[in-house]
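Chains, contacts and geometry: an overview
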Amino acid sequence: MNEEKIKTAETYHVPVLLDESIAGLNISPGGVYVDVTFGGGGHTRKILELMDETARLFSFDQDADAETNILSVTDTSGRVLDEDPRFTFIRSNFRYLKNWMRYYEVEQMDGLLADLGVSSHHFDDETRGFSFRFDAPLDMRMNRRAGKTAADIINTYDEEQLAHLFFLYGELKNSRKIASLLVKARTQKTILTTGDFLTVTEPLFKREREKKDRAKLFQALRIEVNREMEALKEMLASATALLKPGGRLSVITYHSLEDRMVKNFMKAGNVEGQVQQDFFGRIETPFISINNKVITPSKEEEERNPRSRSAKLRIAEKK
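Identification of the protein as Ribosomal RNA small subunit methyltransferase H from Hoylesella saccharolytica F0055 is taken from an unreviewed UniProt entry. Annotation of the protein in UniProt includes, under Subcellular location (unreviewed entry), the sentence "Cytoplasm". The record held by UniProt for the protein lists under Catalytic activity (unreviewed entry) the comment "cytidine(1402) in 16S rRNA + S-adenosyl-L-methionine = N(4)-methylcytidine(1402) in 16S rRNA + S-adenosyl-L-homocysteine + H(+)".

Taken domain by domain, the protein comprises domain 1 (18-120 + 228-318) and domain 2 (126-226). If you average the C-alpha positions of domain 1 and of domain 2, the two centres end up 29 Å apart. With both sides pooled, the region where domain 1 packs onto domain 2 buries about 1,200 Å², and carbon together with sulfur makes up 43% of that total. The largest contributions to the domain 1 side of the interface with domain 2 come from Q62, E228 and L257, which together make up 41% of the buried area. Counting across the domain 1 and domain 2 interface gives 3 salt bridges.

So, on to the packing of helix α8 (residues 159-170) against helix α9 (residues 175-188). Pairs of packed helices are described in terms of their axes, by the angle between the two and the distance that separates them. Packing of α8 against α9 leaves a shortest axis separation of 8 Å and a crossing angle of 140 degrees. Between α8 and α9, the crossing angle belongs to the class labelled oblique. Along this stretch, α8 crosses α9, giving a crossing that reads as right-handed. Contacts from E159, E160, L162, A163, F166 and F167 in α8 reach S175, R176, I178, A179, S180, L182, V183 and R186 in α9. Here the contact of α8 with α9 is built from residues that sort into 8 nonpolar, 2 polar and 4 charged.

In this section: the layout of surface pockets. Within this model, the second largest pocket holds a volume of roughly 340 Å³. If you go around the second largest pocket, you meet 19 residues; those closest to its centre are Q62, N93, A146, V225 and N226. Counting residues per element, the lining of the second largest pocket draws most heavily on helix α11 (residues 210-226), at 3 residues. The two domains that each donate at least three residues to the lining of the second largest pocket are domain 1 (18-120 + 228-318) and domain 2 (126-226).

The next subject is the packing of helix α10 (residues 194-201) against α11. Put simply, α10 and α11 touch, their axes get as near as 12 Å, and they point 125 degrees apart. One way to sum up the angle between α10 and α11 is to call them oblique. In the packing of α10 onto α11, the handedness of the crossing is right-handed. Across from T194, F197, L198 and T201 in α10, the residues of α11 making contact are R214, L217, F218 and L221. Of the residues in the contact of α10 with α11, the class split is 5 nonpolar, 2 polar and 1 charged.

Rules and cut-offs
- Residues numbered from 1 in each chain as written.
- Predicted model: local features only at pLDDT ≥ 70, side-chain atom pairs only at ≥ 80, totals over all residues.
- Heavy atoms only, no water.
- UniProt positions renumbered as here; feature names shortened; annotations may be inferred.
- Domains from an automatic or database assignment.
- Buried area = accessible area lost by both parts, 1.4 Å probe.
- Salt bridge = Lys/Arg side-chain N within 4 Å of Asp/Glu carboxyl O.
- Axes fitted to C-alpha atoms, helices over the stretch in contact; angles between N-to-C directions.
- Helix = DSSP H or I, 4+ residues; strand = E, 2+ residues; numbered from the N terminus.
- Parallel < 35°, antiparallel > 145°, perpendicular 65-115°, else oblique.
- Left-handed = near helix turned anticlockwise from the far one by under 90°.
- Contact = heavy atoms within 4.5 Å.
- Nonpolar A, V, L, I, M, F, W, Y, C, P; charged D, E, K, R; others polar.
- 1 Å grid on protein atoms, 1.4 Å probe; cavity = no way out; pocket = protein on both sides within 12 Å on 5 of 7 lines; lining within 4 Å.
- Points joined across faces, edges and corners; volume = space filled by probe spheres on them.

Dropping the structure here:
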């Protein structure tokens, strides 16, 4: 029974760089840790295996679908997470990390893990609109309780706003053409589904690059819907304030925008990468990089889990 439940939760989201990211935390058995991207609970479960009964682990996820996994993932003793006194689930965006830690009277933590991007579940759910493989409502919200949907954005943003987000978050060189076509098309018919969206934009993509460009298009829209870059910036700032000296930050990224932001933050203490130097010319940063060379999945993991192919792991220690 327990094995079946664990498999169900892991199917929701197959954890990427599992051993490497957990090793990067350098777990102290009685420490306080945060997994800001619970998903299927794979990373959370692995962290709990290395903890004693005095430790505390807080896991964030804003998606109601992810929350159901706390009733199916078990620890090594067979307890479901919902019954594990060390574990606390927080249904919230990780941008509110600092507020929630204050609520739970946590002043310092020993480590934080973030597996960014979108879970396997979201890409495979035919009803959420995250994938161009299915014709579904253009939603793309991680948290379906609040915020604008992708359809809202496509049908209400002006041409300049649309062009900006497709260029900034999708790095699409023809962003202005895409925006212009969408604005013209929506005067004839409201764009409500992924099918509508693809039909309108299809003429702008060359056949040999169609799949990659569609992925960028959906990525850009998803990032805007969920305010992912702003949320990441706020979470990193909160993590810096909360980590104790020697505490670890272990972050897995999937696209160049978030990877650049994490790299800059670990190097300079800000997402822009603006380096500050002291009187002697030494870089002032709150972190020491643990892996100077980015960690990527093995060929075996890439074959086993195709989603891992774009993954990059960066680890830093608080000074």
